[in-house]
Amino acid sequence: MSSILSRREFLKFVSIAAFFTFTKDSLKAATIPHVVVIGGGFSGATCAKYLKMWGGSSVKVTIVEKNSLYVSPILSNLVLNNSKTINDLTFNYTTYSSKYGINMVHKEVVGINSDSKLLTLGDNSTLSYDKLVIASGIDFIKTNDYDITKIPHAWQAGEQTTLLKNQIDSMKNGDTFVMTIPKAPYRCPPGPYERACVVSDYLKNTKGYSNCKVIVLDENSKIIVEENTFSSVFANNGVDYRPNSVVTYVDDSAKSVVYEENGIDSITLAADVLNVIPNQKAASTVFLAGVNSGNWADINVLNYESNIKKDIHIIGDSQGSSQPKAGHIGNSEAKVCADAILREFNNLQPYSSPKTNSACYSPTSSNEASWLTAVYKYDSNTKTMVSANTQVYPAAGSPSSSNYRKMFLWSGNLFSDTFS
Ligand SMILES: Cc1cc2nc3c(=O)[nH]c(=O)nc-3n(C[C@H](O)[C@H](O)[C@H](O)COP(=O)(O)OP(=O)(O)OC[C@H]3O[C@@H](n4cnc5c(N)ncnc54)[C@H](O)[C@@H]3O)c2cc1C
């Protein structure tokens, strides 16, 4: 006899199973579980979409997102050199939410009670959940209380990107641009190096400013990814790269930064444009829920559930696994999480060998880009995600105009898989 059930047998099986579920726990079967996702970025929007695509009417899904529009940080360095506009990177949720039947609530989550499974929103209203998915991105650890409208980080895209762009556009030949790179882990490992390449290329080759200085203060001991690519662009563009540089103070009126080089001297460096990308931690919602272990959320990578509190899942940049903090892999984690939640609603275990994928394209000028990619698989011995490839990994490609074109194909696919 074939091991594949006929349609008639399958329907009979489903109705018997449904009968037992109903008689065993009639109240539970009658209630449609409610999954609330905090954050409609790369990880949250993907998770909500796939929960509805795979779960249909068996699950109710709400996204609580404080903004009505999402601006992608991916490709946002291209706004700085006029290759893209903020508008090109902006997504709304109107078609997306009606297409999948996702309930959108545009409010900020200000409180999480994991005992009563209740969220408090900015207007003091409440929202209950059966499962909570925290997909709220990152928060910053600033050295001191300086004004980020004067010293933008531009590490969350939108107003911050425009601020930095306008400051760069007001630079004159001979001015100095200083940027700082936080200690890893942080959002998008190649991103800050990519920015130094784009800005130095823009000043030198587009604006024709041969006397501008671009100084990069990196808290890490070396360029942490694509070292050959970035160091060769830095050498070509005359970027002054200073590793082991730990920022200790930022002065927003003097536009200067105090930093320690190699743990010794305290050096003050003034700039015409100062772009401090602070050290990072999980979003505040992770701390509100009490699911942080240090700066990030401690999770089980089979289902992204917190190891501290049940029924709270954390995906994207806030999660503290061995995987990088990036949008492409956040989209990948979201699918693993959505699948595991739906399995749990059907009394099934999470899939035991999940794989995730990360990809970053880095523009290095207005017409060339490099790339970096890695695949991760679950290792049951260590219960962590490890590199899925025995070859040299992650794999990377050097800057070229062909990669620049492919960057838009890749990002177009990712944007549409997330927001369409
Ligand atoms: C310059 C740059 C280049 C990059 N390039 C790449 C790349 O090539 N490839 C790649 O994979 N990644 C890249 N990234 C990284 C990528 O953008 C992030 O990793 C990704 O956005 C993280 O997704 P997320 O869903 O975790 O968080 P986010 O995209 O930040 O989404 C979080 C959402 O949660 C909402 N939110 C937060 N708190 C609350 C609250 N309390 N209540 C309600 N809503 C809340 C926010 O408004 C936000 O919309 C880049 C980043 C930068 C800055």
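Attention here is on the structure that accompanies the text. In this text, all values refer to a predicted model and were calculated from it rather than measured experimentally.

1. Considering empty space enclosed by the protein
Consideration 1: All chains considered together, the criterion is met by 1 cavity of 30 Å³ or more.
Consideration 2: Empty space within the largest cavity amounts to approximately 120 Å³.
Consideration 3: Around the largest cavity, the lining is made up of 14 residues, and of these T143, V247, I277, P278 and N279 lie nearest the centre.
Consideration 4: Elements supplying a minimum of two residues to the lining of the largest cavity: β11 (176–181) and β14 (245–251).
Consideration 5: Here the lining of the largest cavity is composed, by residue class, of 9 nonpolar, 3 polar and 2 charged.

2. Some points on the environment of L51
Consideration 1: Relative to the assigned elements, L51 resides in helix α3 (residues 42–55).
Consideration 2: Put simply, L51 and V61 are 10 residues apart on the chain and 7.5 Å apart in space, counted from C-alpha to C-alpha.
Consideration 3: Ignoring anything within four residues of it in the chain, the contact list for L51 reads V35, G56, V59, V61, A338, I341 and L342.

3. Looking at the packing of α3 against helix α11 (residues 401–419)
Consideration 1: At a minimum axis separation of 7 Å, α3 and α11 run at an interaxial angle of 55 degrees. On the basis of the axis angle, α3 is oblique to α11. Only L414, F415, S416, D417, T418 and F419 of α11 make contact with α3, whose side of the interface consists of F42, A45, T46, K49 and Y50.
Consideration 2: For the contact of α3 with α11, the per-class residue count stands at 6 nonpolar, 3 polar and 2 charged.

4. Overview of the site of the ligand
Consideration 1: Around the ligand sit 35 residues in total, of which S43, E65, Y70, R187 and H328 are the nearest.
Consideration 2: The side chain of S43 places a nitrogen or oxygen atom 2.7 Å from an oxygen atom of the ligand.
Consideration 3: Here an oxygen atom of the ligand sits 2.5 Å away from a polar atom, N or O, in the side chain of Y70.
Consideration 4: Mapped by element, the contributors of at least two residues to the shell around the ligand are α3, α10 (327–345) and β24 (355–363).
Consideration 5: With 3 residues, the single largest contributor to the shell around the ligand is β24.
Consideration 6: Split into classes, the residues belonging to the shell around the ligand amount to 15 nonpolar, 13 polar and 7 charged.
Consideration 7: If you count residues domain by domain, the shell around the ligand takes at least three from each of domain 1 (24–139 + 282–350) and domain 2 (153–281).

5. Side note on the packing of α3 against α10
Consideration 1: Look at α3 against α10: their axes get within 8 Å of each other, and the N-to-C directions meet at 35 degrees. For the pair α3 and α10, the crossing hand works out as right-handed. In contact with F42, S43, T46, C47, Y50, L51, W54 and G55 of α3, α10 contributes G327, G330, N331, A334, K335, C337, A338, D339, I341 and L342.
Consideration 2: Looking at side-chain class alone, the contact of α3 with α10 contains 10 nonpolar, 6 polar and 2 charged residues.

6. Comments concerning unusual backbone geometry
Apart from glycine, the bulk of residues carry a negative phi angle, and the bulk of peptide bonds sit in the trans form.
Consideration 1: The amide bond that connects A184 to the next residue, P185, takes the cis arrangement and shows omega of 5 degrees.
Consideration 2: Tracing the sequence through the fold places P185 in the loop between β11 and α7 (191–206).
Consideration 3: Positive phi is not limited to glycine here, since L75 has a value of about 75 degrees.
Consideration 4: Within the secondary structure layout, L75 lies in the loop between β3 (69–71) and α4 (77–80).
Consideration 5: For L75, a relative accessible area of 6% translates into the label buried.

7. Section: the sheet that holds strand β16 (residues 266–270)
Consideration 1: The strand order across the open sheet built from 3 strands is β14-β15-β16, with neighbouring strands paired in antiparallel fashion. With one partner strand each, in any of the chains shown, β14 and β16 form the two edges of the open sheet. This sheet shows a mean twist of 30 degrees between the axes of neighbouring strands, independent of strand direction.
Consideration 2: When β14 meets strand β15 (residues 256–261), the two strands line up antiparallel, connected through 6 bridges. Paired with V250 across the two strands is V257, which belongs to β15.

The rules behind these values
- Residues numbered from 1 in each chain as written.
- Predicted model: local features only at pLDDT ≥ 70, side-chain atom pairs only at ≥ 80, totals over all residues.
- Heavy atoms only, no water.
- 1 Å grid on protein atoms, 1.4 Å probe; cavity = no way out; pocket = protein on both sides within 12 Å on 5 of 7 lines; lining within 4 Å.
- Points joined across faces, edges and corners; volume = space filled by probe spheres on them.
- Helix = DSSP H or I, 4+ residues; strand = E, 2+ residues; numbered from the N terminus.
- Nonpolar A, V, L, I, M, F, W, Y, C, P; charged D, E, K, R; others polar.
- Contact = heavy atoms within 4.5 Å.
- Axes fitted to C-alpha atoms, helices over the stretch in contact; angles between N-to-C directions.
- Parallel < 35°, antiparallel > 145°, perpendicular 65-115°, else oblique.
- Near = heavy atom within 4 Å.
- Polar contact = N/O pair within 3.5 Å; in protein donor to acceptor, adjacent residues only side chain to side chain.
- Domains from an automatic or database assignment.
- Left-handed = near helix turned anticlockwise from the far one by under 90°.
- Buried < 20%, exposed > 50% of the residue type's maximum accessible area, 1.4 Å probe, protein only.
- Pairing = 2+ DSSP bridges.

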